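# Examination of the molecular architecture
Given next are the chains, with one letter for each unit.
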Amino acid sequence: MNLNQLRVFAAVAREQSITKAAKTLKISQPAVSKQLSELEEAIGTTLVDRLPRGIRLTEAGSVLEEHARRIFQSEAAAEAQLQQLLGLGRGRLSVGASTTIGNYLIPDLFGRFHKAYPRVELQLQIANTAEIQRLVKEDELDLGLTEGFAEAEGLQVQVVAHDEMVMIVAPHSPLAKKGSIGSSALSGLPLLVREEGSGTRDVIEAALAERGVELLPAMSLGSTEALKQAVASGLGAAIVSKLAVEIELQAGVLATVEVTDLKIRRALHLLTLKGKTPSPAGAAFIELIAGMRGRGARP
């Protein structure tokens, strides 16, 4: 069996598309189709059904895909061990982060890591917690950093720091002048929240539920930056990471309101794939995270 053909097949199976596989492999679509056809001819059976809306693995294709995954995991492990012998003179590290961490903690960590290992290529993907967990579980990222709740199935989960949540309002709002409220008053406020799947939203919903307060969002927005802009415009209040609003609070663009009986301190998690040996770059980055003293993030 030709290993290059197997690699092409694995990409097609993973992407569920010949076109997307070609883009991932950085080769032409006809080249992918040719390698796939030659592999099927060598094996003597059809591996994928070519359908009008993409491809679907046959039963034989599903069996081969599972073996291909194991083969390339072993290959990656061999490369990682060789890199350990070579040190960190080169390499690549792909990190996924949920929005707050990606925007407010990772830049500093990447800067420090790059200074120590300038020849290691760093890649960052920012998405909500649910998506980062999925990408780490599917081995598309070397590691992930998320706030909020983390699924343990298939993942190694480690708490590396904690983050304080604060309620923000426009500085000219009556709530800003009042300064503090009880959690029961939140049900009557126009609360702005992150989208479903966000670690921030999950933590807030759980904390409010413990106090018998149902979260009825006036608006759901896809980023913390959008939340801050909406709050500053007087559209409502929001509960966000203190990390995300330090500059705006200092500038007077936003104000905080104390919720006297609601203290939300959420864990920041390091996610890795169970059973996967970290690359030298990954191990060095994990060591850096272990000493993390982010702005407002505490061990």
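Parameters and conventions
- Residues numbered from 1 in each chain as written.
- Predicted model: local features only at pLDDT ≥ 70, side-chain atom pairs only at ≥ 80, totals over all residues.
- Heavy atoms only, no water.
- Helix = DSSP H or I, 4+ residues; strand = E, 2+ residues; numbered from the N terminus.
- Buried < 20%, exposed > 50% of the residue type's maximum accessible area, 1.4 Å probe, protein only.
- Contact = heavy atoms within 4.5 Å.
- Axes fitted to C-alpha atoms, helices over the stretch in contact; angles between N-to-C directions.
- Parallel < 35°, antiparallel > 145°, perpendicular 65-115°, else oblique.
- Left-handed = near helix turned anticlockwise from the far one by under 90°.
- Nonpolar A, V, L, I, M, F, W, Y, C, P; charged D, E, K, R; others polar.
- Expected span 1.5 Å × (residues − 1).
- Arc of directions from axis to C-beta.
- Core = buried A, V, L, I, M, F, W, Y, C linked by side-chain atoms within 4.5 Å.
- Polar contact = N/O pair within 3.5 Å; in protein donor to acceptor, adjacent residues only side chain to side chain.

### As for the side chain of serine 98
If you trace the backbone, serine 98 turns up in the loop between strand 3 (91–97) and helix 5 (99–104). The class for serine 98 is buried, based on a relative accessible area of 1%. Setting aside residues up to four positions removed in sequence, serine 98 forms contacts with Ile126, Ala127, Asn128, Thr129, Ile132, Leu145, Thr146 and Glu147.

### Digging into the packing of helix 1 (residues 3–15) against helix 3 (residues 29–43)
Where helix 1 contacts helix 3, the axes come no closer than 9 Å and their chain directions differ by 110 degrees. The orientation of helix 1 relative to helix 3 falls into the category roughly perpendicular. The handedness of the crossing between helix 1 and helix 3 comes out as left-handed. Residues Asn4, Gln5, Leu6, Val8, Phe9 and Val12 of helix 1 touch helix 3, and the partners they reach there are Val32, Gln35, Leu36, Glu38 and Leu39. Within the contact of helix 1 with helix 3, the residues separate by chemical class into seven nonpolar, three polar and one charged.

### Here we look at helix 3
Over its 15 residues, helix 3 runs 21 Å from end to end, which matches the ideal 21 Å to within 8%, given 1.5 Å per residue. By the burial criterion, the buried members of helix 3 are Val32, Leu36, Leu39 and Glu40. Down the axis of helix 3, the sector holding all buried residues measures 100 degrees, keeping them to one side. Exposed and facing more than 90 degrees away from the buried side of helix 3 are Pro30, Lys34, Glu41 and Ala42. Immediately beyond the C-terminal end of helix 3, within one or two residues, lies glycine 44, with a positive phi of roughly 90 degrees.

### A look at the nonpolar core
The biggest cluster of nonpolar side chains holds 35 residues, and the ones touching the most others in it are Ile106, Leu145, Ile168 and Phe285. For this core, the element with the highest residue contribution is helix 12 (residues 280–290), accounting for five residues.

### Digging into the side chain of glutamate 40
On the secondary structure map, glutamate 40 appears in helix 3. According to the relative accessible area criterion, glutamate 40 is buried, its value standing at 12%. Side chain to side chain, glutamate 40 and arginine 50 meet in a polar contact 3.0 Å long. Beyond its immediate chain neighbours, meaning those up to four positions away, glutamate 40 contacts Thr45, Thr46, Leu47, Val48 and Arg50.

### Considerations on the environment of glycine 222
Of note, glycine 222 is situated in the loop between strand 9 (219–221) and helix 10 (224–232). Judged by its relative accessible area of 57%, glycine 222 is exposed. Distance from glycine 222 to glycine 96, taken between C-alpha atoms, is 17 Å for residues 126 residues apart in sequence. Apart from the residues within four sequence positions on either side, glycine 222 is in contact with Arg194 and Glu195.

Purely geometric numbers; function is a separate question.
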